[in-house]
Amino acid sequence: MRAAPTILIVDDDPEARTLLAELLEAEGATVVQAEDGEVALKGLARTAPTVVLLDIGLPGLNGIEILRRIKASRPELPVIMVTGTDDVRTAVEAMRLGAYDYVAKPFSNDQVVLPVRRALERQALVSEVERLRQEVSSGDALGKLAGLGAEMQEVLGRIEQVAASPLTILIQGETGTGKEIVARAIHQHSPRRTRPFLAVDCGALPENLIESELFGFERGAFTGADRRKEGFFQLAEGGTLLLDEVANLPLATQGKLLRVLQERQVTPLGGRGPVAFDVRLIAACNVPLEDEAQGGRFRQDLFYRLDEFRITLPPLRARRADILILARRFLDEASVEMKRQVHGFTVEAEAWLLQHGWPGNVRELRNVVRRAVVFSRDLVAP
């Protein structure tokens, strides 16, 4: 068992509660006892247990009804049902309602301890995956890059150098290398961290709507403009705006973007005059933007305006030490999301992962691992 889990035991038999409590406390758990459903539900809110051991045959609110209420409020909480030998059918019904497992009386110590251990291990894995998700979505995106090899440590150093500065940043790297994660890390470690972070895929915007989306428009600016709409520069006020795949912007829009960046003002379509903004701009591109500028496909003056500070992300094939680290993270995440017990890779699988060329980079690796979890049997690799 892991450190200091709390287990709620719900049973109307005091002798059974005492037996279970002694057994689980010997395993290092903190035990909370409840003699009926009402006390159990109050204890659930007060103690936030890690696992619940729930007797089915309770007076008043029976175990099935308590299970329904627990799953309605805390669907992720493992509930192990305790049943008499003649209540196995009811236990099966409880499993359909979301119970983690069931134990039939009379039981041996192992019959109780082992499912509790498994439930605690699953909860620890759920917590770790949630922590990893939060690093990107609402927490520290640098954590997603931590623990990787020398190439990504250099990227981390670049992020730390530039995050607090006002410089415009150009992030370059092949598709799937994690450019948006780097942009989020910069934002989260900048003075703008409490303000919005917006990411715009320039390649996904229809050409006839790009300028209205970026700069906004006033009511009546064009046919169908029946209301005023703020553009991304206004929506990101005080924060950070990521223009992803910036090389896809039409040349005409590039010229207007250059003027916006130089003057720090934006004029909405149909607007009477410019409006000042305070936004930190990050541009990202999956091809060398300098080559695009030299080839006439991207304005050189805009390139130099965006290239105040450059971060280049190496492809996954150039940092093979990261492959298994990332693969294990993705495996843990997928196992919890898909409710599978797949805790490792075989030697053959690891060899294939290391030999593959990964043209889709980290995104391809994540997809491969997720597909493998779908098709695998529940197992723990040796």
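Okay, so let's go over this structure.

Parameters at a glance
Residues numbered from 1 in each chain as written. Predicted model: local features only at pLDDT ≥ 70, side-chain atom pairs only at ≥ 80, totals over all residues. Heavy atoms only, no water. Helix = DSSP H or I, 4+ residues; strand = E, 2+ residues; numbered from the N terminus. Rg over C-alpha atoms; globule rule 2.2 N^0.38 Å. Buried < 20%, exposed > 50% of the residue type's maximum accessible area, 1.4 Å probe, protein only. Contact = heavy atoms within 4.5 Å. Areas by Shrake-Rupley, 256 points an atom, 1.4 Å probe, with all protein chains shown as cover. Lys, Arg positive; Asp, Glu negative; His and termini not counted. Charge placed at Lys NZ, Arg CZ, Asp CG, Glu CD. Salt bridge = Lys/Arg side-chain N within 4 Å of Asp/Glu carboxyl O. Pairing = 2+ DSSP bridges. Axes fitted to C-alpha atoms, helices over the stretch in contact; angles between N-to-C directions. Core = buried A, V, L, I, M, F, W, Y, C linked by side-chain atoms within 4.5 Å. Right-handed = clockwise from strand over helix to strand, strands pointing away.

As a further point, take the overall build of the protein chain. Scanning the protein chain from terminus to terminus reveals 16 helices and twelve strands. Here the C-alpha radius of gyration of the protein chain, 28 Å, is well above what a compact globule of 382 residues would show, namely 21 Å. Summarising its shape, the C-alpha atoms of the protein chain cover approximately 80 × 55 × 35 Å along the three principal directions. When the 382 residues of the protein chain are sorted by exposure, 47% land in the buried category. Within the protein chain, residue pairs in contact and separated by at least 24 positions form 70% of the contacts whose partners lie at least 6 positions apart. About 18800 Å² of surface is accessible on the protein chain, with carbon and sulfur atoms providing 50% of the total. Between the mean site of the 48 positive side-chain charges and the mean site of the 54 negative ones, the protein chain shows a separation of 5 Å.

Here the structure, examined in full by the defined rule, presents 21 salt bridges. A single network of salt bridges, built from pairs that share partners, joins Asp11, Asp55 and Lys105.

This part covers the sheet that holds strand 4 (residues 79-83). The strand order across the open sheet formed by five strands is 2-1-3-4-5, and the pairing between neighbours is parallel. The sheet terminates laterally at strand 2 (30-34) and strand 5 (101-104), the two strands that pair on one side only. Averaged over all neighbouring strand pairs, the angle between strand axes comes to 20 degrees, with direction disregarded. Pairing between strand 4 and strand 5: four bridges, direction parallel. By the bridge assignment, Val82 is partnered in strand 5 with Val103.

Counting residues in each nonpolar core, the largest one holds 37 residues, and the members touching the most others are Ile171, Val182, Ile186, Ile311 and Leu365. Where this core is concerned, the elements lending two or more residues are helix 7 (150-162), strand 6 (169-172), helix 8 (179-188), strand 11 (280-285), strand 12 (309-312), helix 14 (323-337) and helix 16 (361-375). Top element by residues in this core is helix 14. It accounts for seven residues. Discounting chain neighbours no more than four positions away, the residues touching Val182 are Leu145, Val155, Ile159, Ile171, Ile311 and Leu313. Of all hydrophobic cores here, the second largest spans 30 residues; its members include Leu170, Leu205, Phe277 and Leu302.

Strand-to-strand pairing in sheets goes through backbone hydrogen bonds, with the strands running parallel or antiparallel. Overall, parallel pairing links the five strands, which are arranged 7-8-11-6-12 in an open sheet. Strands at the two margins of the open sheet, each flanked by one partner only, are strand 7 (197-201) and strand 12. Each strand axis lies, on average, 20 degrees off the axis of its neighbour in the sheet, ignoring direction. Looking at chain direction, strand 6 and strand 11 are connected through four bridges and run parallel. If you follow Leu170 over to strand 11, its bridge partner there is Ala283. Sitting on the sheet, helix 8 touches strand 6, strand 7, strand 8 (240-244), strand 11 and strand 12, and the angle it makes with strand 6 is about 150 degrees.

In terms of residue burial, strand 4 counts as a mostly covered element, since five of its five residues are buried. Where burial is concerned, the two faces of strand 4 agree: the one with Val79, Met81 and Thr83 and the one with Ile80 and Val82 are both buried. Bridge analysis of strand 3 (residues 51-55) against strand 4 gives four bridges, and the strand direction is parallel. Bridge pairing in strand 4 places Val52 opposite Val79. For the handedness criterion, the β-α-β arrangement of strand 3, helix 3 (residues 63-73) and strand 4 is classed as right-handed.

The next subject is unusual backbone geometry. That bond from Lys105 to Pro106 is cis: its omega, -10 degrees, falls within 30 degrees of zero. Along the polypeptide, Pro106 turns up in the loop between strand 5 and helix 5 (109-137). The phi angle at Ala48 is positive, at roughly 45 degrees, despite the residue not being glycine. Looking at where Ala48 falls in the secondary structure, it is placed in the loop between helix 2 (37-47) and strand 3. What makes Ala48 partly exposed here is its relative accessible area of 48%.

With five of five residues buried, strand 1 (residues 6-10) lies mostly within the body of the structure. What you see with strand 1 is no split at all: Thr6, Leu8 and Val10 on one side and Ile7 and Ile9 on the other are buried throughout. Across five bridges, the pairing between strand 1 and strand 2 is parallel. Looking across to strand 2, one finds that Val10 is bridged to Ala34. Tracing the backbone out of strand 1, into helix 1 (residues 14-25) and back to the parallel element strand 2 gives a crossover that is right-handed. With four bridges joining them, strand 1 and strand 3 adopt parallel strand pairing. Each residue of the ladder has a partner; that of Leu8, found in strand 3, is Val52.

In short, geometric facts, not functional conclusions.
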